[in-house]
2 protein chains.
Amino acid sequence: MRHLADRMGIRAPSLYKHIESKEELEALLIADAFREFGQVFHDALADGRRSRRGAMRALARTYRGWALAHPHLYRLVTGGRLARERLPEGLEAWAAEPIVIAAGGDHDRARAAWAFAHGMTILELDGRFPPDANLDGAWSAGIAAFEG
Amino acid sequence: MRHLADRMGIRAPSLYKHIESKEELEALLIADAFREFGQVFHDALADGRRSRRGAMRALARTYRGWALAHPHLYRLVTGGRLARERLPEGLEAWAAEPIVIAAGGDHDRARAAWAFAHGMTILELDGRFPPDANLDGAWSAGIAAFEG
DNA sequence: GTCTATAGTGGGATAGAC
DNA sequence: GTCTATCCCACTATAGAC
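All of these numbers come straight from a predicted model, not from anything done at the bench. (Residues numbered from 1 in each chain as written. Chains lettered and ligands numbered in written order. Predicted model: local features only at pLDDT ≥ 70, side-chain atom pairs only at ≥ 80, totals over all residues. Heavy atoms only, no water.)

Q: I'm lost on the overall build of chain A in this one. Help?
A: The helix and strand inventory of chain A stands at seven helices and zero strands. Reading chain A from its N end, one meets helices and strands in the order α-α-α-α-α-α-α. Taken along the three principal axes of its C-alpha coordinates, chain A extends 55 × 40 × 25 Å. Classification of the 148 residues of chain A by burial places 44% in the buried group. Intrachain contacts of chain A at a sequence separation of at least 6 include 66% that bridge at least 24 residues. Of the roughly 8200 Å² of accessible surface on chain A, a fraction of 53% belongs to carbon and sulfur atoms. (Helix = DSSP H or I, 4+ residues; strand = E, 2+ residues; numbered from the N terminus. Buried < 20%, exposed > 50% of the residue type's maximum accessible area, 1.4 Å probe, protein only. Contact = heavy atoms within 4.5 Å. Areas by Shrake-Rupley, 256 points an atom, 1.4 Å probe, with all protein chains shown as cover.)

Q: Can you help me understand the protein's contact with DNA strand C in this one?
A: Surveying the vicinity of DNA strand C reveals the residues Met 1, Arg 2, Pro 13, Tyr 16, Ser 21 and Lys 22 of chain A together with Ile 10, Arg 11, Pro 13, Ser 14, Lys 17 and His 18 of chain B. Within 4 Å of the protein, the atoms of DNA strand C are drawn from sugar and phosphate moieties in a proportion of 53%. Here a phosphate oxygen of DNA strand C sits 3.0 Å away from a polar atom, N or O, in the main chain of Met 1 of chain A. Here a phosphate oxygen of DNA strand C sits 2.9 Å away from a polar atom, N or O, in the main chain of Lys 22 of chain A. (Near = heavy atom within 4 Å. Polar contact = N/O pair within 3.5 Å; in protein donor to acceptor, adjacent residues only side chain to side chain.)

Q: Would you take a moment to explain the protein's contact with DNA strand D for this structure?
A: Around DNA strand D sit Ile 10, Arg 11, Pro 13, Ser 14, Lys 17 and His 18 of chain A together with Met 1, Arg 2, Pro 13, Tyr 16, Ser 21 and Lys 22 of chain B, and that is every residue in its neighbourhood. When the atoms of DNA strand D within 4 Å of the protein are grouped by moiety, sugar and phosphate amount to 52% of the total. Contact distances for DNA strand D include 2.6 Å between a phosphate oxygen and a backbone N or O atom of Arg 11 of chain A. The contact in question runs from a base oxygen of DNA strand D to an N or O atom on the side chain of Lys 17 of chain A, over 3.3 Å. Class assignment for the residues of the surface near DNA strand D results in five nonpolar, three polar and four charged. (Nonpolar A, V, L, I, M, F, W, Y, C, P; charged D, E, K, R; others polar.)

Q: Would you mind going over the side chain of His 118 of chain A with me for this structure?
A: The topology assignment puts His 118 of chain A in helix α6 (residues 107-125). For His 118 of chain A, a relative accessible area of 3% puts it in the buried group. Not counting the four nearest positions on each side in its chain, His 118 of chain A is found in contact with Tyr 63, Tyr 74 and Thr 78 of chain A together with Gly 119, Ile 122 and Leu 123 of chain B.

Q: Would you mind going over the relation of the copies chain B and chain A with me for this structure?
A: The two chain copies are related to each other by a rotation about an axis together with a translation along it. In screw terms, the move from chain B to chain A is a rotation of 180 degrees and a rise of 0.0 Å along the axis, fitting with an RMSD of 0.0 Å. Both chain copies can therefore be described as sitting about a two-fold axis. A symmetric contact is evident, with 100% of the interface residues of chain B recurring at the interface of chain A. (Least-squares fit on C-alpha atoms with pLDDT ≥ 70 in both.)

Q: Hey, could you run me through the interface of chain B and chain A in this one?
A: When the parts of a complex come together, some accessible area is lost, and that lost area is often used as the size of the interface. Contact with chain B, which involves 33 residues of that partner, is made by 33 residues of chain A. Of all residues in chain B, Asp 108, Arg 111 and Arg 128 of chain B give up the largest surface area on contact with chain A, accounting jointly for 26% of the area buried on that side. Seen at the junction of chain B and chain A, the total is zero salt bridges. Elements with a minimum of two residues in the side of chain B that touches chain A: α4 (71-78), α6 (107-125) and α7 (135-147) of chain B. No other element matches the twelve residues that α6 of chain B contributes to the side of chain B that touches chain A. Looking at side-chain class alone, the side of chain B that touches chain A contains 16 nonpolar, nine polar and eight charged residues. (Buried area = accessible area lost by both parts, 1.4 Å probe. Salt bridge = Lys/Arg side-chain N within 4 Å of Asp/Glu carboxyl O.)

Q: What is the right way to read the nonpolar core from this model?
A: Residues Phe 34, Phe 116 and Phe 146 of chain A together with Phe 34, Ile 99, Phe 116 and Phe 146 of chain B are the most contacted members of the largest nonpolar core, which totals 83 residues. When residues no more than four places from it in sequence are discounted, the contact partners of Phe 146 of chain B are Phe 116, Gly 142, Ala 145 and Phe 146 of chain A together with Met 56, Arg 109, Ala 112, Ala 113 and Phe 116 of chain B. (Core = buried A, V, L, I, M, F, W, Y, C linked by side-chain atoms within 4.5 Å.)

Q: What is the right way to look at the pattern of salt bridges in this model?
A: Opposite charge on two side chains lets them pair, provided their charged atoms get close. The tally for this structure, following the rule as stated, stands at 18 salt bridges over all chains. When the shortest N-O distance is used, the salt bridge between Asp 47 of chain B and Arg 50 of chain B registers 2.9 Å. Of the two residues, Asp 47 of chain B and Arg 50 of chain B both sit in helix α2 (residues 22-50), three residues apart, roughly one turn of that helix. A residue is classified by how much of its surface remains accessible, and Asp 47 of chain B, at 44% relative accessible area, is partly exposed. Several salt bridges converge on common partners, so that one network encompasses Arg 64, Glu 124 and Asp 136 of chain A.

Structural measurements only, silent on function.
Next comes the structure, spelled out in structure tokens:
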């Protein structure tokens, strides 16, 4: 909260005239992130269907790109417990919809594909792969597995 | 450190007569975890090769089971930066070896399969799947994708 | 190898003046 | 809507007596 206030050019206690708690602030940031990510994710699905490379590949590229462009926000959105009671109803499901569509409506396959993408992403952000690992290759291997 | 000392029936500062820092203690716990997990993971590979259900399925079952049985240790081992310089050389690679073997020596496929397993596991531990999600089904879908 | 006492840091949050 | 002053908490770690 102090770092945020510094960035805004005010003192930390002043933040509490605008938001009720750190948790509420985080929920607002998460909702914004779902809206922004959901939009690019839906756009990627539309693009992927038009090209010959497939929807899964387009979604994976967009997922990874968004996460690497907003690493702290990605961790905030995907790490730890999600305060769903503070989010607009249906927002999370809407943001996730493209992967369900790409999985042909199979929720099990969609969840497996999401787990793969999240695993790749968080392991990359945490620097858990060896320095010589070919991450593009690993992404391609996983995409191929879920396209089949 | 205080909780640990409580459990041991001593005061927190006394811990520092045995270990140099929290980071060293964590590295010792992580090394132990790699040894224990690596053993059951290698055993699972051997079992999986003898049965008709395939090595990937046996490894996935063991991976998930170990993580759910030791959730805090799993988070310690897989979350955040790994202090590799404090670990015995080769230990991490030895623990991971079964998945590389099951992937036919293809490191890209092995990393993709690990990312899937880690993603499923950490999302389950964090309660990120909907309450009505069929996690066994999602695991099966992912295993099928990586067996193919 | 244990203890008490304490240093030092950093975090979220409130009270009350302006 | 901002400020200063402050509270309270949790945490890692050290100093020094026994």
